[in-house]
Protein chains: 2
Amino acid sequence: MTQNSLIAVVGAGSVGGYYGGRLAEHGHDVHFLLRSDYQAVRREGLQVRSCHGDFSFPPEKLRIYDDVRKMPKADLVLVTLKATSNDAYESLIRPLLKEDSAILTLQNGLGNERRLAELFGGRRVLGGMAFVCINRLKPGVIHHIDHGTIRLGEFDGGPSPRATRIAEMFNASKVKCEVLPDLRYGRWLKLVWNIPFNGLGAVMDCTTDQLIATEAGVRLVSELMAEVIATARAAGVQLPDGLVEKQIEQTLSMGAYKSSMQVDRETGRPMEIEAILGEPLRVAREAGVRTPRLEAVYAMARVLNGDDPPAA
Amino acid sequence: MTQNSLIAVVGAGSVGGYYGGRLAEHGHDVHFLLRSDYQAVRREGLQVRSCHGDFSFPPEKLRIYDDVRKMPKADLVLVTLKATSNDAYESLIRPLLKEDSAILTLQNGLGNERRLAELFGGRRVLGGMAFVCINRLKPGVIHHIDHGTIRLGEFDGGPSPRATRIAEMFNASKVKCEVLPDLRYGRWLKLVWNIPFNGLGAVMDCTTDQLIATEAGVRLVSELMAEVIATARAAGVQLPDGLVEKQIEQTLSMGAYKSSMQVDRETGRPMEIEAILGEPLRVAREAGVRTPRLEAVYAMARVLNGDDPPAA
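Computed from a prediction, not measured in an experiment: that's the story for all the values here.

## Focus on the overall build of chain A
Then step 1. Summing up its helical and strand segments, chain A has twelve helices and ten strands in all.
Then step 2. Relative to the compact-globule value of 20 Å for 312 residues, chain A shows a C-alpha radius of gyration of 19 Å, a close match.
Then step 3. Taking the principal axes of its C-alpha atoms as reference, chain A extends roughly 55 × 35 × 35 Å.
Then step 4. Considering only residue pairs separated by 6 or more positions, chain A has 68% of its internal contacts joining residues 24 or more positions apart.
Then step 5. Per element, the accessible surface of chain A, about 12,900 Å² overall, is 50% carbon and sulfur.
Then step 6. The positive charge centre, built from 38 side chains, and the negative charge centre, built from 38, are 3 Å apart in chain A.

See the structure below:
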């Protein structure tokens, strides 16, 4: 990426608004595709209250669109849709692509890169994880509370000059960004936390601290983590020893935290069940790894989601 | 039992207050052991609003006690404690026993009769299930909403003259009561409903109708029921074909209902986890029946209960 690259942000909720906003703040040519928030941002612009420094754009300084067909082709497509909207990949991303466009998904969970690769070719695709505490207070108003590092990597293979250029672009725009030697390692590492704390948090309606306040809770969370680690191993990703204890210890130090899936449950929004629970479960089943805890959490989460898509 | 039999009610919450009250209303010599509600009932007496006809007792017409050592020996001890208080069996029941006292537990779940039998001898023990919708509105004020049938049987063996006499006593006191040919059959039949709807209802904080509103929910509830039926079979109890479908159909017709364990969760009271989930799970494990759904629900319920007693 260069300073002249054209960047399209698909799904400008809190993550898309924040990271796309930082790039625009630092002079990049960023075009935002919005859906539900379009009218509000058209009127009010974008405001970000951030622990790394506030910034805002009046409407006339923002390139926003409510229809992808009105947008220019992009050098980099930044995908920040909620993973429950992945059925819209084809219609929302295809029109933005030219010969050498790259696609970077910062979405939660497993399977997003693979699905993008199936649709648009693996050589275009990068994946990244945003380690960030961020809320959308209302349309166009984002509160960046803490952290913010992005870790990204190529879907096909290891580090690349392209990944390094994208990381440099973020690092020059107040966003700490690291290139992962192995994206799958990073994804599975994050799932070891996400599956118990998002999964149990949502189905039991418990904050992170409630889940590990008792020995029974630490045992249950540890069992789920062990299932994820065994599944990762079967998928060829060897996670480090002592990971379970380390993640529980770090989570204890966080205090009461509501995972995104718990917040989605409480606010009646769709939960990212397939990306966070269903895809890893399918990997486990295909590899013949027994994951009874994950099976149960997934089954319960599907009941709560209510919409009953085809089962894993 | 005869009209002159002395009846002790141990644990006079809604179930003990209602059934003991009906017997007292019909001229039986009923003595109530109360704990937290003693002072209020001492002042205000007992009031029952019942779909089968209201009744009440002023304090001076009630035989109530706050200490079992002040009570006379009983011909029949009616145990209506919450199953979370079963550690108090020895101290609350032993002082009431004479040579031929019978003990009838109307508590929820599995294992109550066995534990009573271990402490006091199996020949004394009967078990019963109260099929009743009942609430304690405040100390001494009970609201009997619907149903009310008791089904009871001997812990050791089949029907007995004693069981028949107890049933006749209830039937003559406005309480429909049937003698079960096989108490264990009745217990397991009830567990087929209780385990999914109390268990999932509590850990997911869902009413019965929410649990079976989707195909995913019907599937999850059915899987749990199938685990209970398989466990019952391994324990020598053959439940009827078509039971899962029938129970789900009946539950659909009930509308929104909060199970007792869900209510306990919401009000912060201890849930009857061991009686409803833990004991059946131990039976499954000992018989080598795989019950992954029950394992998961039990583990989650223990986390919510917070008190972390020794694990099953």
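There's more to say after this.
## A look at the interface of chain B and chain A
Then step 1. Chain B puts 28 residues into the contact, and the matching count from chain A is 28 residues.
Then step 2. Note on chain B versus chain A: buried area summed over both sides is about 2,100 Å², and carbon and sulfur give 64% of it.
Then step 3. Of all residues in chain B, the largest losses of buried area upon contact with chain A belong to Met-204, Met-300 and Val-303 of chain B, amounting jointly to 29% of the total for that side.
Then step 4. Between the two partners, chain B and chain A, sit zero salt bridges.
Then step 5. Run the count over chain B and chain A and you get two residue pairs in polar contact (both at pLDDT 80 or more).
Then step 6. Taken together, the elements giving at least two residues each to the side of chain B that touches chain A come down to α6 (183-204), α7 (208-211), α8 (215-234) and α12 (292-305) of chain B.
Then step 7. The leading source of residues in the side of chain B that touches chain A is α12 of chain B, at ten residues.
Then step 8. Grouping the constituent residues of the side of chain B that touches chain A by class yields 15 nonpolar, four polar and nine charged.

## Thoughts on the state of the cysteines
Each disulfide is one covalent bond, formed between the sulfur atoms of two cysteines.
Then step 1. Scanning all chains against the criterion turns up zero disulfides over all chains.
Then step 2. Looking at the unpaired Cys-206 of chain A, the closest cysteine sulfur is the one in Cys-206 of chain B, lying at 13 Å.
Then step 3. Assessed through its relative accessible area of 5%, Cys-206 of chain A is described here as buried.
Then step 4. Cys-51 of chain B carries a free sulfur, and the closest cysteine sulfur to it, the one in Cys-133 of chain B, is 8.6 Å from it.

## Observations regarding the packing of aromatic side chains
Geometrically, a pair of aromatic rings is defined through the distance of the ring centres and the angle of the planes.
Then step 1. Throughout the structure, instances matching the rule amount to ten aromatic pairs over all chains.
Then step 2. Taking the centre distance of 5.1 Å and the plane angle of 75° together, the rings of Tyr-18 of chain A and Tyr-19 of chain A count as edge-to-face. Assigned by exposure class, Tyr-18 of chain A and Tyr-19 of chain A land together as buried.
Then step 3. Taken together, Tyr-18, Tyr-19, Phe-55, Phe-57 and Phe-170 of chain A form an aromatic cluster joined through their ring pairs.
Then step 4. The ring of Phe-131 of chain B carries Arg-151 of chain B above its face, with NZ or CZ at 4.7 Å from the centroid.
Then step 5. Above the face of the Phe-131 of chain B ring, Lys-190 of chain B is positioned so that its terminal group lies 4.8 Å from the ring centre.

## A look at the side chain of Thr-231 of chain A
Residue and element names in this part refer to chain A.
Then step 1. Inspection of the secondary structure puts Thr-231 in helix α8 (residues 215-234).
Then step 2. A relative accessible area of 2% means that Thr-231 is categorised as buried.
Then step 3. Within the structure, the side chain of Thr-231 is placed 2.8 Å from the backbone oxygen of Glu-227, a separation counted as a polar contact.
Then step 4. Filtering out sequence-adjacent residues up to four positions away, Thr-231 remains in contact with Trp-188, Pro-280, Val-283, Ala-284, Val-289 and Thr-291.

## As for the nonpolar core
Then step 1. Residues Leu-277 of chain A together with Leu-277 of chain B are the most contacted members of the largest nonpolar core, which totals 80 residues.
Then step 2. For Leu-277 of chain A, the residues in contact, after removing those within four places along its chain, are Ile-195, Gly-199, Met-261, Glu-272, Leu-294, Val-297, Tyr-298 and Ala-301 of chain A.
Then step 3. In terms of nonpolar packing, the next biggest core, distinct from the first, is built from 39 residues, Met-1, Tyr-18, Phe-32 and Cys-177 of chain A among them.

## With respect to the relation of the copies chain B and chain A
Then step 1. Mapping chain B onto chain A is achieved by rotating through 180° and translating by 0.0 Å along the same axis, at an RMSD of 0.0 Å. The transformation just described matches what one would write down for a two-fold rotation axis. It is Met-204 of chain B whose C-alpha, among those of chain B, lies nearest the rotation axis, at 2.4 Å.
Then step 2. When you check the interface residues of chain B against chain A, 100% turn up at the interface there too, and the contact is symmetric in its surfaces.

## Side note on helix α9 (residues 243-252) of chain A
Residue and element names in this part refer to chain A.
Then step 1. Within α9 the residues assigned to the buried category are Leu-243, Val-244, Gln-247, Ile-248 and Thr-251. For α9, the arc enclosing every buried residue in end-on projection is 125°, short of the 170-degree limit, so these residues lie on one face. Structural note: α9 exposes Glu-245, Lys-246, Glu-249 and Leu-252 on the side pointing more than 90 degrees away from its buried face.

## Let's talk about the packing of helix α6 (residues 183-204) of chain A against α9 of chain A
Between two packed helices, both the angle of their axes relative to each other and the distance between the axes serve to describe the pair.
Residues and elements named next belong to chain A.
Then step 1. With their axes 11 Å apart at the nearest point, α6 and α9 run at an angle of 60° to one another. On the basis of their axis angle, the class for α6 and α9 is oblique. In this structure, the crossing between α6 and α9 has a hand that is right-handed. Contacts between α6 and α9 involve Leu-189, Val-192, Trp-193 and Phe-197 from the former and Leu-243, Gln-247 and Thr-251 from the latter.
Then step 2. Along the lines of polarity and charge, the residues of the contact of α6 with α9 split into five nonpolar, two polar and no charged.

## Some thoughts on the environment of Glu-44 of chain B
Residues and elements named next belong to chain B.
Then step 1. With respect to the helices and strands, the residue Glu-44 is situated in helix α2 (residues 38-44).
Then step 2. The exposure class of Glu-44 is exposed, given its relative accessible area of 51%.
Then step 3. Between the alpha carbons of Glu-44 and Ser-85 there is a distance of 25 Å; along the sequence they are 41 residues apart.
Then step 4. Not counting the four nearest positions on each side in its chain, Glu-44 is found in contact with Phe-57 and Pro-59.

## Here's the deal with the pairing of strand β6 (residues 76-79) of chain A
Residue and element names in this part refer to chain A.
Then step 1. Residues Leu-76 and Leu-78 point to one face of β6 and Val-77 and Val-79 to the other, with burial holding for every one of them.
Then step 2. Pairing of strand β1 (residues 6-10) with β6 involves four bridges; the strand directions are parallel. Paired with Ala-8 across the strands is Val-77, a residue of β6.
Then step 3. Two elements, β6 and strand β7 (residues 102-105), share four bridges in a ladder whose sense is parallel. Note on β7: the bridge partner recorded for Leu-78 is Leu-104.

## Focus: unusual backbone geometry
Residues and elements named next belong to chain B.
Then step 1. Unlike most non-glycine residues, His-147 shows phi in positive territory, near 55°.
Then step 2. Its location among the elements puts His-147 in strand β9 (residues 141-154).
Then step 3. Although it is not a glycine, Lys-174 adopts a positive phi angle of roughly 65°.
Then step 4. In this fold, Lys-174 is placed in the loop between α5 (161-171) and β10 (177-179).
Then step 5. The exposure class of Lys-174 is partly exposed, given its relative accessible area of 45%.

## Regarding the pairing of strand β1 (residues 6-10) of chain B
Residue and element names in this part refer to chain B.
Then step 1. Where burial is concerned, most of β1 is hidden: five out of the five residues are buried.
Then step 2. Burial along β1 is two-sided: Leu-6, Ala-8 and Val-10 facing one way and Ile-7 and Val-9 facing the other are all buried.
Then step 3. Bridge analysis of β1 against strand β2 (residues 29-33) gives five bridges, and the strand direction is parallel. Across the sheet, Ile-7 pairs through a bridge with Val-30, a residue of β2.
Then step 4. With helix α1 (residues 14-25) bridging β1 and the parallel β2, this β-α-β connection has right-handed handedness.

What counts and what doesn't
Every chain is numbered independently, its residues counted from 1 as its sequence is written. Chains and ligands are labelled by the order in which they are written, letters from A for the one and numbers from 1 for the other. Selection of residues for local features in this predicted model requires a pLDDT of at least 70, selection of side-chain atom pairs for listing and counting requires 80 or more, and totals for whole chains, interfaces and linings are taken over all residues. Working from all heavy atoms in the structure, the side-chain values ignore hydrogens and water. Think of it this way: any DSSP run of H or I at least four residues long counts as a helix, any run of E at least two long counts as a strand, and we number them from the N terminus. Here the radius of gyration uses the C-alpha set of atoms, whereas the globule reference equals 2.2 Å times the residue count to the power 0.38. Should any heavy atoms of two residues lie within 4.5 Å, those residues are considered in contact. For the accessible areas, the method is Shrake-Rupley and the probe is 1.4 Å, while residue cover comes only from the protein chains on display. Only four residue types enter the tally: Lys and Arg on the positive side, Asp and Glu on the negative side, with His and both chain ends excluded. Charged groups are reduced to one reference atom each: NZ for lysine, CZ for arginine, CG for aspartic acid, CD for glutamic acid. When two components associate, each loses some accessible surface as probed by a 1.4 Å sphere; the sum of these losses over both components is called the buried area. Salt bridge criterion: a side-chain nitrogen from Lys or Arg within 4 Å of a carboxyl oxygen from Asp or Glu. Any pair of nitrogen or oxygen atoms within 3.5 Å is treated as a polar contact; in protein, a donor-acceptor pairing is required on top of that, and neighbouring residues in sequence qualify only through side-chain atoms on both sides. Residue polarity follows a fixed list, in which Ala, Val, Leu, Ile, Met, Phe, Trp, Tyr, Cys and Pro are nonpolar, Asp, Glu, Lys and Arg are charged, and the others, Gly among them, are polar. In this description, a disulfide is simply a cysteine sulfur pair whose atoms lie within 2.5 Å. Think of it in three bands: with a 1.4 Å probe and only protein chains considered, a residue is buried below 20% of the maximum accessible area for its type, exposed above 50%, and partly exposed in between. Only Phe, Tyr and Trp rings take part, Trp by its six-membered ring, and two of them pair if their centres are within 6.5 Å. Stacked means planes under 30 degrees apart, edge-to-face means over 60, and tilted covers everything else. Either the NZ atom of lysine or the CZ atom of arginine qualifies as a charge over a ring when it sits within 6 Å of the ring centre and within 35 degrees of the ring normal. Only buried residues count toward a nonpolar core, which is a set of Ala, Val, Leu, Ile, Met, Phe, Trp, Tyr and Cys residues joined through side-chain atoms within 4.5 Å. When the copies are overlaid, the least-squares fit takes in C-alpha atoms only where the residue has pLDDT of at least 70 in both copies. Starting at the helix axis, one direction is taken to each C-beta atom, and the arc is that of these directions. Orientation is described by axes fitted as lines to C-alpha atoms, over the contacting stretch for helices, and by angles from 0 to 180 degrees between their N-to-C directions. To sort the angles, those under 35 degrees are grouped as roughly parallel, those over 145 as roughly antiparallel, those from 65 to 115 as roughly perpendicular, and the leftovers as oblique. Helix crossings get a hand from a simple test, with the near helix turned counterclockwise from the far one by less than a right angle marking a left-handed crossing and a clockwise turn marking a right-handed one. When DSSP locates at least two bridges between a pair of strands, those strands are taken to pair. A crossover gets the label right-handed when its path from the first strand over the helix to the second runs clockwise, viewed with the strands pointing away from the viewer.

Bear in mind that shape data such as this cannot, by itself, settle questions of function.
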